[in-house]
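Notes for the structure review
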Amino acid sequence: MKTVAFVPIKLNNQRTPGKNIKKFDDGSSLITVFLRNLIKVKSFDDVYVFCSNPKIKEYIVPGVKYLERPVYLDTQEATPQDIMGEFIKRIDADIYAVCHCTSPFVSVEHFEECVAATKSSEYDSSFTAEKLQHLMWTDKNEPLNFDPTNVPRTQDLPVYYNEVSAAYVFKKEVYEKYKRRIGIKPHITEVSGVECVDIDYPEDFEIANAIYMSMIKGGK
């Protein structure tokens, strides 16, 4: 089954301008660090960067292909479904993996797990997610998952999962039928620790930079 990964990139981010090419203290950009890891995933037949600006090619590592996308996909009105639909229309595959460089520390093994699960007959898709077992409250100041008169141990709380955007892997027919990246029989690939880092705001990048530089010093 042909499996293609693509990294959707825009350079005009609103919350953290230029974050996808922002550099860590060693001079490596976020997208470059992510691609160095992604290219190690043996289950991917091809890896693309899907971006409207050819400038991104300066940051692409050997083995990764560049595919130019329409500028309208950089607007606030464009949806993830629009981006996926345009890519799928142009690149044929049996399985697609939408990978976001804003979660740069997910392991190669967990990417492999996502693909293996999706290739099986048991699941139609897979995604990376963080397991949550916390005492949670709603924005109405009400407890979400526990009785405040009888507070349980956190390990006894119901389990929730928070999506980590490193990988959404799905069979082609999932998009064709449901127009989405998660099907009706998804496998959750559980990630933890630094793998759960997600960069949205400038302070998130500073945290990621500290982790990345620590990993370099540790030889990882």
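Residues numbered from 1 in each chain as written. Predicted model: local features only at pLDDT ≥ 70, side-chain atom pairs only at ≥ 80, totals over all residues. Heavy atoms only, no water.

You'll find the protein entered in an unreviewed UniProt entry as CMP-N-acetylneuraminic acid synthetase, with Agathobacter rectalis given as the organism.

Remarks on the overall build of the protein
Across its full length, the protein holds five helices and seven strands. Ordered by position from the N terminus, the helices and strands of the protein form the series β-α-β-β-α-β-α-β-β-α-β-α. Relative to the 2.2 N^0.38 estimate, which gives 17 Å for 220 residues, the radius of gyration of the protein is 18 Å and therefore close to what a compact globule would have. C-alpha extents for the protein along the principal axes are approximately 60 × 45 × 35 Å. The 220 residues of the protein split such that 49% are buried. Contacts in the protein between residues far apart in sequence, at least 24 positions, make up 71% of those at least 6 positions apart. Charge-centre separation for the protein: the mean point of 28 positive side chains lies 5 Å from the mean point of 32 negative side chains. (Helix = DSSP H or I, 4+ residues; strand = E, 2+ residues; numbered from the N terminus. Rg over C-alpha atoms; globule rule 2.2 N^0.38 Å. Buried < 20%, exposed > 50% of the residue type's maximum accessible area, 1.4 Å probe, protein only. Contact = heavy atoms within 4.5 Å. Lys, Arg positive; Asp, Glu negative; His and termini not counted. Charge placed at Lys NZ, Arg CZ, Asp CG, Glu CD.)

Remarks on the pattern of salt bridges
In the structure shown here, the tally under the stated rule is seven salt bridges. A salt bridge links Glu-86 to Arg-90, with the nearest nitrogen and oxygen atoms 3.8 Å apart. Of this pair, Glu-86 and Arg-90 both sit in helix α2 (residues 80-90), four residues apart, roughly one helical turn. Among the ionic pairs, Lys-172 bridges to Asp-92, the shortest N-O distance being 2.6 Å. Taken as a pair, Lys-172 in helix α4 (residues 172-178) and Asp-92 in the loop between α2 and β4 (95-98) lie far apart in primary sequence, 80 residues in all. One network of salt bridges, in which partners are shared, links Glu-86, Lys-89 and Arg-90. (Salt bridge = Lys/Arg side-chain N within 4 Å of Asp/Glu carboxyl O.)

Some remarks on a nonpolar patch on the surface
Nonpolar side chains collect at one region of the surface, where Val-159, Tyr-161 and Ile-188 lie side by side and expose about 220 Å² of accessible area between them. With respect to the element layout, Ile-188 can be found in strand β7 (residues 186-191). (Patch = residues over 30% accessible without salt bridge, like charges linked within 9 Å, V, L, I, M, F, W, Y side chains within 5 Å. Areas by Shrake-Rupley, 256 points an atom, 1.4 Å probe, with all protein chains shown as cover.)

Things to note about the sheet that holds strand β3 (residues 65-68)
Strand order in the open sheet made by the seven strands is β3-β2-β1-β4-β6-β5-β7, with mixed pairing throughout. In the strand order of this sheet, the two ends are held by β3 and β7, each with one partner. Taken pair by pair, the neighbouring strands of this sheet meet at an average axis angle of 30 degrees, ignoring direction. Summarising the sheet, β4 and strand β6 (residues 160-171) pair through four bridges and their orientation is antiparallel. Opposite Tyr-96, over in β6, you have Phe-170 as the bridge partner. On top of the sheet, helix α1 (residues 30-38) reaches β1 (3-9), β2 (46-51) and β6; it is set at about 175 degrees to β1, its chief contact. (Pairing = 2+ DSSP bridges. Axes fitted to C-alpha atoms, helices over the stretch in contact; angles between N-to-C directions.)

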